[in-house]
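# Working through the structure, step by step
For reference, the chains in residue letters:
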Amino acid sequence: MRSSVSVVVPVFNERDNLPELLRRTLAAGRALGRPWELILIDDGSRDGSDEMLSQYAREHAGEVKALLLYRNAGQHNAILCAFAHAQGDILVTLDADLQNPPEEIGRLVEKIEEGFDVVGSMRQDRQDAAFRKIFSGMVNLMVRRSTGVILHDYGCMLRAYRRKVVEAMLTCRERSTFIPVLANLFAKRVTEIPVGHAERAAGTSKYSFYKLINLQFDLLTCMTAGPLRLLSWVGIGISALSLAFAALLLVLRFVYGAEWAGQGVFTLFAVLFFFTGAQFVALGLMGEYVGRIHGDVRERPRYLLDRVVGETLGERSAARTTA
Ligand code: UDP
Ligand code: MG
């Protein structure tokens, strides 16, 4: 039998996008010509999206399952919850706002069947604000450098994973995570295909500026402790420079006399401010790691599942309410 497919879509206040999303995703799923399921996970919406999803699960029994989180847990945690309930051999994620065309699902699945463990996608002609694109470019470069996995678009969540990789991801207990980077830890063969990208169909981005920054730090800390090590090197570099500078000042003090040294006080201020700034940056970065460690130590559940509506792929999945 051909491998089955689970399509996972996180939904957070996407009421106006849902009818079109459902129509296009059902068409794309059915066109796969194999057993498949659509898992719609509501991430604590307050605009009635949750009721719409339950309704879809009832209307398309056997095909659509709705998972309703009790509160907003964040896109990546919501997807992990859906992964824990998905039964397919191949798992595909996409966004609910129709920025990722559901019609691309078939191509991602084909690529996995060619033998890849993870298939990412590169957004062609990306329809997002300029600052987001520039920011993404920098982040992608950083991820490529530190993981050595040459993908161009880590931010695009239209992606496919082999079941083995997803199960490995589900054993990870960290609270703040970034799925595309996490998947790289377990995948042997990773590739990327170009996909279309559209403007958000309705509503506005669910990432406020603060949430976006937080997500980038999730990505960074999920990936590597390298920046912490880098901090030490920067610290050593700055100390060495400041020693050299102090020596120079001392020499100049003897050459030009005490009066000159008195006027040099402002230079010292400049140097001092530089160090103060560097220390704040360093402390902030440490804080990002410490904060996440604190979160992990508390072992609070990543999400709280309220309800599961519908059964798919002919099997009732064990309802796990937290993980
Ligand atoms: N999303 C979510 N929980 C959140 C934020 C977003 O489930 O806390 C979902 C959202 O409904 C959408 C996807 O994640 O399906 C991507 O969000 P969005 O399109 O707002 O992000 P952007 O395209 O602006 O990066
Ligand atoms: Mg979007």
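For the structure, check the block above.
Residues numbered from 1 in each chain as written. Chains lettered and ligands numbered in written order. Predicted model: local features only at pLDDT ≥ 70, side-chain atom pairs only at ≥ 80, totals over all residues. Heavy atoms only, no water.

### Quick look at the site of ligand 1
- If you check the shell around ligand 1, you find 18 residues, and the closest are D43, D97, R132, S205 and K206.
- Separating a nitrogen atom of ligand 1 from a backbone N or O atom of Q75 is a distance of 3.4 Å.
- Against a free-state accessible area of 530 Å², the protein chains account for coverage of 95% of ligand 1.
- Here the shell around ligand 1 is composed, by residue class, of five nonpolar, five polar and eight charged. (Near = heavy atom within 4 Å. Polar contact = N/O pair within 3.5 Å; in protein donor to acceptor, adjacent residues only side chain to side chain. Areas by Shrake-Rupley, 256 points an atom, 1.4 Å probe, with all protein chains shown as cover. Nonpolar A, V, L, I, M, F, W, Y, C, P; charged D, E, K, R; others polar.)

### Section: the sheet that holds strand 1 (residues 5-11)
- Spatially, the eight strands line up as an open sheet ordered 7-5-6-4-1-2-3-8, and their pairing is mixed. Pairing within the sheet leaves two strands with one partner each, and these edge strands are strand 7 (190-195) and strand 8 (305-309). On average, each strand axis in the sheet is inclined to that of its neighbour by 20 degrees, with strand direction left out of account.
- Relative to strand 3 (residues 64-69), strand 2 (residues 36-42) runs parallel, the two sharing five bridges. Looking at strand 3, one finds that I39 is bridged to K65. (Pairing = 2+ DSSP bridges. Helix = DSSP H or I, 4+ residues; strand = E, 2+ residues; numbered from the N terminus. Axes fitted to C-alpha atoms, helices over the stretch in contact; angles between N-to-C directions.)

### A few points about the coordination of the magnesium ion (ligand 2)
- Note on the magnesium ion (ligand 2): its protein donors are D97 (OD) and Q99 (OE1). The metal-donor distances range over 1.9 to 2.0 Å. Grouping residues by exposure puts D97 and Q99 together as buried. (Donors = N, O, S within 2.8 Å, 3.2 Å for Na, K, Ca; no water. Buried < 20%, exposed > 50% of the residue type's maximum accessible area, 1.4 Å probe, protein only.)

### So, the side chain of T191
- Topologically, T191 is positioned in strand 7.
- For T191, a relative accessible area of 15% puts it in the buried group.
- Ignoring any residue separated from it by four or fewer positions in sequence, one finds T191 in contact with K111, F116, V118, V119, G120 and L151. (Contact = heavy atoms within 4.5 Å.)

### Concerning helix 9 (residues 226-256)
- Spanning 31 residues, helix 9 covers 44 Å between terminal C-alpha atoms, matching the ideal 45 Å at 1.5 Å per step.
- Those residues of helix 9 that sit buried are P227, L231 and I238. (Expected span 1.5 Å × (residues − 1).)

### A closer look at the environment of K188
- Summarising the element assignment, K188 is placed in the loop between helix 7 (179-186) and strand 7.
- Put simply, K188 and F116 are 72 residues apart on the chain and 7.8 Å apart in space, counted from C-alpha to C-alpha.

### Notes on the pairing of strand 1
- Most of strand 1 sits inside the fold, with seven of its seven residues counted as buried.
- Of the two faces of strand 1, the one holding V5, V7, V9 and V11 and the one holding S6, V8 and P10 are both buried throughout.
- For strand 1 and strand 2, the ladder comprises seven bridges, and the chain directions are parallel. Bridged to V7 within strand 2 is L38.

### Here's the deal with the nonpolar core
- Grouped together as the largest cluster of nonpolar side chains are 43 residues, with contacts concentrated most on L69, F83, Y161, M169 and V181.
- Residue assignment for this core shows that the elements contributing at least two residues are strand 2, strand 3, helix 3 (75-85), helix 5 (130-147), helix 6 (163-170), helix 7, helix 8 (209-223) and helix 11 (265-298).
- Sorting elements by how many residues they give to this core places helix 3 first, with seven residues.
- What V181 contacts, discounting residues up to four positions off in sequence, is V143, Y154, L219, C222 and M223.
- If you look at the next biggest cluster of nonpolar residues, it comprises 36 residues, including L22, A28, A160 and V309. (Core = buried A, V, L, I, M, F, W, Y, C linked by side-chain atoms within 4.5 Å.)

### Notes on the packing of helix 5 against helix 8
- For the pair helix 5 and helix 8, interaxial distance at closest approach is 10 Å and the crossing angle is 10 degrees. One way to sum up the angle between helix 5 and helix 8 is to call them roughly parallel. Between helix 5, through F131, R132, F135, V139, M142, V143, S146 and T147, and helix 8, the contact on the second element is made entirely by F209, L212, I213, Q216, L219, L220 and M223.
- Across the contact of helix 5 with helix 8, the residue classes tally to 11 nonpolar, three polar and one charged. (Parallel < 35°, antiparallel > 145°, perpendicular 65-115°, else oblique.)

Function cannot be read off these values alone, since they describe shape.
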